[in-house]
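Chain residues, written in single-letter form:
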Amino acid sequence: MEVSVRDFAAHRAGELIAMSSIFSGLSIAQRSLSAQQLGLEITQRNVANANTPGYSKLRVNFEPAIASDVVTAQPGMGVAEATIESFRNNFIDFRISQELQGQGEQQAAFDALQQVEALFNDPDGQGIQSAMSDFFASFSALANTPESLSLRQQVIQRATALTEVFHQLYNRVKELQLQQDRIVSDTVQDINSISADVARLNAEIAVAHGTQANDESALRDERQRLLSKLSELMDISYYEDSRGMVTVAAKQGPVLVVGDITKPLELGTSPVTGLNTITQGGTDVTTFIQSGKLGGVLKVRDTILPEYLNSLDDLAAGLIQRVNAQHALGVDLNGVAGGNIFVPFVQPVPGSNTGAARGMAVSITDPETIAAAGPAAGPGSNANANLLAGIQNETFASLGTTPGQFYANLVYRIGSDGASAHDSLQTKQNLVQQLENQRDAFSGVNLDEEAVNIIRYQKAYQASARFVTVIDNLTSDLLRILGG
Amino acid sequence: MNVTTSTMYRSFLSNLNSLDEQLVTVNQQISTGKKNVYLRDSPASGAESVLLREESAEIDQYKASTDSSGFYLQAADSALNSIQNLIAGIQTRGIEATSATLDATNRDAIAKDIRSLRDQMLSLANTEVQGRYVFAGSRILAPPFSMVGDAVSYLGDTQLNQIKVSDDLTVQQNVAGSTALSPVFDAIQSLLSEIDAGDQAGIVDALAQLTSSLDPLNVARGEVGAQLGKVANVKSELDTEAVNLHAYQSRIEDVNAAEAAVRLGQVQTAVKATMSAGQSILQQQNLFDFLV
């Protein structure tokens, strides 16, 4: 595996000494002692951070000191330089951050869709399907004894129940949309606060980078952790400049961090939907955010939930129109042509059924005015009641299918949207986990390895210390010989 | 691959999480009895359930409609049956009136009997069941036959109600009195006027008219009988259909209890095994434990 940037070149254990003498042995020992000490210190730091997420393990690299006169090929001068190396793999870090965006997006979508699913999953027979069945069945029941006032009253009750179910379902989905909208504003605040932290760390890293300070690796670990967190929230890309600062930008546009400066995202209000828009410097950048939690929430809020709401509106509008039209073709108990069963729906703009489900209401109040009879027939005629009941199995031109099938299709779509969000989420989670394992295999701390290192440094330290004792004895001997 | 401590913890936790999720699913399957706890578990069967419930509700309504149609058809059938019996009595008395030995008093007595039988007929023709006059077509709120002198007129109409009793079968709920009964009343009126006039040839003619007026009545009665037969057949078909539908619905929606119980055992075992494996990870010794 490719070894990454060498962050720190740092520790000089000693100065080169040109001449070999008995004292130069002491210098070598001294350099060795402090080098082993540094090794122990770094090992201790690794052990302490064995469970710190995002920590990149450190290693001390020893390089032999070279004798000053290369030509004469004198023996080496012992350990000269000990550099600290951070085991960071920028490539894996970047890939993790990219996959986290997909994970954040799918998590957000799944969280929302799970709630939608619960609304439409009605094993107990609640919901639009049973309300529609009940409504049409009330016409079938009326067809048996069309003059019955109690069965006529039942038609009105079932029609009212149907409108209530539409209201309830529509409002619940709408509430979910508003909930997503609140998540949008919360997430934007989180993004801004993380961006500010990244900018601050950028500044600190630039300083540490310039002065070769010892804590640069820790700062970088912290910044990488924040970049990962930011990636979960939004689809960002980043690159590092020569001073060690990262520039962070949304993949599609807005820049969030340049050097030590943050460019915060702001919130506006859409004049059309009344929902939050995301702006930067007065420009609407909402559609540029495609992934991450924010992208996922926006997709749910602006694409998926509106589709469901539109389907409910289309179904409601289709029912209102078709039932009223058929009802007008019959006559009531008094021989008068049928009026509206539902309050007629007027499209706000041609082709749009927005508001049909939410505003669905029953218009008819007097059970006698239900037009169960065929034209010019007496109160016992059920001709129109039969036709009204038969609407249930008609293919609506506006829906391209029967109302029951249309609702079943909606249920299918909601289920499969939930299933695909769930599956994608699991795939992304597995992918991120594999990448994190890969990252750990390279950057993570293995306690056994550290234990071995401790022994190694300890033994080397003991040996160097022993060497000092030997030289001490030698010099004592020498001084005694010289008549001390 | 260099296996680090955090890698071990991570995979342990992830394994445990996924098992927990399975445990929750199986538990919910058992407690709800439903195969698919969430819509996303099988969107197709979710959609199919919607249509099956619609179908099931329709069958329930068909069953109610067969009961109701049967009720009114029975009423019509028994009224027509009684009317046929009364007509037989009128015919018998009419034939007696053709005898050359009868005097005016005898004929008056016969005419009186026939009028009495005719009045019973009229009452049956105005049969009312639960507020509806069954032979009135769609004008069910008022008696369809009214009599002035011996003339019986029909005030109903000929609208016939069809009742849907299965996806592709309807039952005719009523017969129009004008078709079934008006010719008979007309023939009886002729018969009475001929008897009153003592015209024997006329009486014979009127009796012939009465006989031929029975044809539409017989046809109507046969029609009612046929509809009743249809109702009986459809009813048993609907019962079979409902049973099949519920069986199919259950196959799609309901969990197999035995399978779910076995699955629960499997997942629990896996959780235990993972736990004890996890214990060895959590308590795993490393080299530090051996350094003194």
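For clarity, every value in this text was computed on a predicted model and none was experimentally measured.

## A word on the overall build of chain B
Now for step 1: Helix and strand counts for chain B stand at seven helices and six strands.
Now for step 2: Its helices and strands in sequence order give chain B the pattern α-α-α-β-β-β-β-β-β-α-α-α-α, from N to C terminus.
Now for step 3: Taken over the C-alpha trace, chain B has a radius of gyration of 39 Å; the compact-globule value for 292 residues is 19 Å, which it surpasses by more than 25%.
Now for step 4: Out of the 292 residues in chain B, the part that is buried amounts to 34%.
Now for step 5: Nonlocal contacts in chain B, meaning residues at least 24 apart in sequence, comprise 68% of its contacts between residues at least 6 apart.

## Details of the overall build of chain A
Now for step 1: Counting secondary structure elements, chain A contains 10 helices and 10 strands.
Now for step 2: Computed over the C-alpha atoms, the radius of gyration of chain A is 38 Å, more than 25% above the 23 Å expected from 2.2 N^0.38 for a compact globule of 484 residues.
Now for step 3: Across its three principal axes, chain A shows a C-alpha extent of roughly 145 × 45 × 30 Å.
Now for step 4: A total of 484 residues make up chain A; the buried ones form 44% of that total.
Now for step 5: Summarising the internal contacts of chain A: among those between residues at least 6 apart in sequence, 72% fall at separations of at least 24.

## Here's the deal with the nonpolar core
Inside soluble globular proteins, nonpolar side chains tend to come together where they are buried.
Now for step 1: Grouped together as the largest cluster of nonpolar side chains are 149 residues, with contacts concentrated most on Phe-166, Ala-316 and Val-411 of chain A together with Leu-191 of chain B.
Now for step 2: In terms of residues, this core owes the most to one element, helix α4 (residues 149-211) of chain A, which gives 20 residues.
Now for step 3: When neighbours within four sequence positions are excluded, Val-411 of chain A is seen to be in contact with Phe-120 of chain A together with Leu-39, Gly-46, Ala-47 and Val-50 of chain B.

## Notes on the sheet that holds strand β7 (residues 261-262) of chain A
Residues and elements named next belong to chain A.
Now for step 1: Taken together, four strands build an open sheet; the order of strands is β4-β5-β6-β7 and the sheet is antiparallel. The sheet terminates laterally at β4 (236-240) and β7, the two strands that pair on one side only.
Now for step 2: Taken together, the five bridges between β4 and strand β5 (residues 246-250) define a ladder with antiparallel strand orientation. In the strand pairing of β5, Tyr-238 is matched with Val-248.
Now for step 3: Packed on one face of the sheet, α4 meets β5, β6 (255-258) and β7 and runs near 20° to β6.

## Topic: the interface of chain A and chain B
Now for step 1: The interface is formed by 51 residues belonging to chain A together with 44 residues belonging to chain B.
Now for step 2: Among the secondary structure elements, those contributing two or more residues to the side of chain A that touches chain B are α2 (90-120), α3 (128-144), α9 (403-443) and α10 (447-481) of chain A.
Now for step 3: Take the side of chain A that touches chain B: its biggest share by element is 18 residues, from α9 of chain A.
Now for step 4: Of the residues belonging to the side of chain A that touches chain B, the class tally is 20 nonpolar, 26 polar and five charged.

## Observations concerning the sheet that holds strand β9 (residues 276-280) of chain A
Residue and element names in this part refer to chain A.
Now for step 1: Ordered by their spatial adjacency, three strands build an open sheet running β8-β9-β10, and the pairing between neighbours is antiparallel. Edge positions in the sheet fall to β8 (266-269) and β10 (283-284), since each has one partner strand and no second.
Now for step 2: Across four bridges, β8 lies against β9 in antiparallel orientation. What sits directly across from Glu-266, in β9, is Thr-279.
Now for step 3: In the packing of α4 onto the sheet, the strands contacted are β8 and β9, and the crossing angle to β9 comes to about 25°.

## A look at the environment of Asn-51 of chain A
Now for step 1: Assignment of secondary structure puts Asn-51 of chain A in the loop between α1 (22-48) and β2 (58-64).
Now for step 2: You can call Asn-51 of chain A exposed: it has 12 C-beta atoms within 10 Å.
Now for step 3: Sequence-wise, Asn-51 of chain A and Val-445 of chain A are 394 residues apart; in three dimensions their C-alpha atoms are separated by 8.1 Å.
Now for step 4: In contact with Asn-51 of chain A, other than residues within four places in its own chain, are Thr-5 and Ser-6 of chain B.

## Some thoughts on the packing of α2 of chain A against α4 of chain A
Residue and element names in this part refer to chain A.
Now for step 1: With their axes 11 Å apart at the nearest point, α2 and α4 run at an angle of 170° to one another. Relative to α4, α2 is oriented roughly antiparallel. Together, Ala-112, Gln-115, Val-116 and Leu-119 of α2 and Leu-169, Arg-172, Val-173, Leu-176 and Gln-180 of α4 make up the contact between the two elements.
Now for step 2: Here the contact of α2 with α4 is composed, by residue class, of six nonpolar, two polar and one charged.

## Notes on the pairing of β6 of chain A
Residue and element names in this part refer to chain A.
Now for step 1: Two elements, β5 and β6, share two bridges in a ladder whose sense is antiparallel. Its bridge partner being in β6, Val-248 is matched across the sheet by Val-257.
Now for step 2: Here β6 runs beside β7; their pairing, made up of two bridges, is antiparallel. Note that in β7 the partner of Val-257 across the bridge is Thr-262.
Now for step 3: What sits between β6 and β7 in their antiparallel hairpin is a turn of two residues, with Gly-259 showing a positive phi close to 55°.

## Quick notes on the confidence of the model for chain B
Now for step 1: On average, residues of chain B score 91 in pLDDT, and 99% of them are at 70 or above.
Now for step 2: Here the predicted complex carries an ipTM of 0.85, next to a pTM of 0.84.

## Topic: α1 of chain A
Now for step 1: Between the first and last C-alpha of α1 of chain A there are 40 Å, a value that for 27 residues agrees with the 39 Å anticipated at 1.5 Å per step.
Now for step 2: For α1 of chain A, the set of buried residues is Ile-28, Ala-29, Arg-31, Ser-32, Ala-35, Gln-36, Gly-39, Ile-42, Thr-43 and Asn-46 of chain A.

## Some points on the packing of α3 of chain A against α4 of chain A
All names here are of chain A.
Now for step 1: Put simply, α3 and α4 touch, their axes get as near as 9 Å, and they point 165° apart. Looking at the two axes, α3 sits roughly antiparallel to α4. In this structure, α3 crosses over α4, and the sense of that crossing is left-handed. Across the interface between the two elements, Ile-128, Ala-131, Met-132, Asp-134, Phe-135, Ser-138, Phe-139, Ala-141 and Leu-142 from α3 touch Leu-151, Arg-152, Gln-154, Val-155, Arg-158, Ala-159, Ala-161, Leu-162, Val-165, Phe-166 and Leu-169 from α4.
Now for step 2: Split by residue class, the contact of α3 with α4 holds 15 nonpolar, two polar and three charged.

## Overview of the environment of Leu-210 of chain B
Residues and elements named next belong to chain B.
Now for step 1: If you trace the backbone, Leu-210 turns up in helix α6 (residues 200-253).
Now for step 2: Put simply, Leu-210 and Val-267 are 57 residues apart on the chain and 84 Å apart in space, counted from C-alpha to C-alpha.
Now for step 3: In contact with Leu-210, not counting residues within four places along its chain, are Gln-91, Gly-94, Ala-187, Ile-188 and Leu-191.

## With respect to unusual backbone geometry
Now for step 1: Phi angles above zero are rare outside glycine, and Ala-376 of chain A is one such case at about 65°.
Now for step 2: With respect to the secondary-structure elements, Ala-376 of chain A resides in the loop between α7 (356-359) and α8 (383-390).
Now for step 3: With 11 C-beta atoms counted inside 10 Å, the residue Ala-376 of chain A sits in the exposed group.
Now for step 4: Positioned with a positive phi, Gln-130 of chain B is a non-glycine residue whose angle comes to about 45°.
Now for step 5: The topology assignment puts Gln-130 of chain B in the loop between β1 (128-129) and β2 (132-133).
Now for step 6: Residue class for Gln-130 of chain B comes out exposed when judged on the 11 C-beta atoms lying within 10 Å of it.

## Here's the deal with the environment of Ser-148 of chain A
Residues and elements named next belong to chain A.
Now for step 1: Inspection of the secondary structure puts Ser-148 in the loop between α3 and α4.
Now for step 2: With 17 C-beta atoms packed within 10 Å, Ser-148 lands in the partly exposed category.
Now for step 3: Between the C-alpha atom of Ser-148 and that of Gln-189, which follows or precedes it by 41 residues, the distance is 62 Å.

## Structural notes on the confidence of the model for chain A
Residues and elements named next belong to chain A.
Now for step 1: In the predicted model, chain A carries a mean pLDDT of 88, and 90% of its residues have values of at least 70.
Now for step 2: The least confident element of chain A, judged by mean pLDDT, is strand β1 (residues 11-12) at 35; the most confident is helix α6 (residues 292-327) at 97.
Now for step 3: Considering only residues more than four positions removed or in separate chains, one finds that residues 1-19, a stretch of pLDDT under 50, has 47 contacts.
Now for step 4: Long-range and interchain partners of residues 69-74, a stretch whose pLDDT sits below 50, account for three contacts in this model, where long-range means more than four residues apart.

The rules behind these values
- Residues numbered from 1 in each chain as written.
- Chains lettered and ligands numbered in written order.
- Predicted model: local features only at pLDDT ≥ 70, side-chain atom pairs only at ≥ 80, totals over all residues.
- Helix = DSSP H or I, 4+ residues; strand = E, 2+ residues; numbered from the N terminus.
- Rg over C-alpha atoms; globule rule 2.2 N^0.38 Å.
- Buried ≥ 20, exposed ≤ 12 C-beta atoms within 10 Å, placed from the backbone.
- Contact = placed C-beta atoms within 7 Å.
- Core = buried A, V, L, I, M, F, W, Y, C linked by C-beta atoms within 7 Å.
- Pairing = 2+ DSSP bridges.
- Axes fitted to C-alpha atoms, helices over the stretch in contact; angles between N-to-C directions.
- Nonpolar A, V, L, I, M, F, W, Y, C, P; charged D, E, K, R; others polar.
- Parallel < 35°, antiparallel > 145°, perpendicular 65-115°, else oblique.
- pLDDT = per-residue confidence, 0-100.
- Expected span 1.5 Å × (residues − 1).
- Left-handed = near helix turned anticlockwise from the far one by under 90°.

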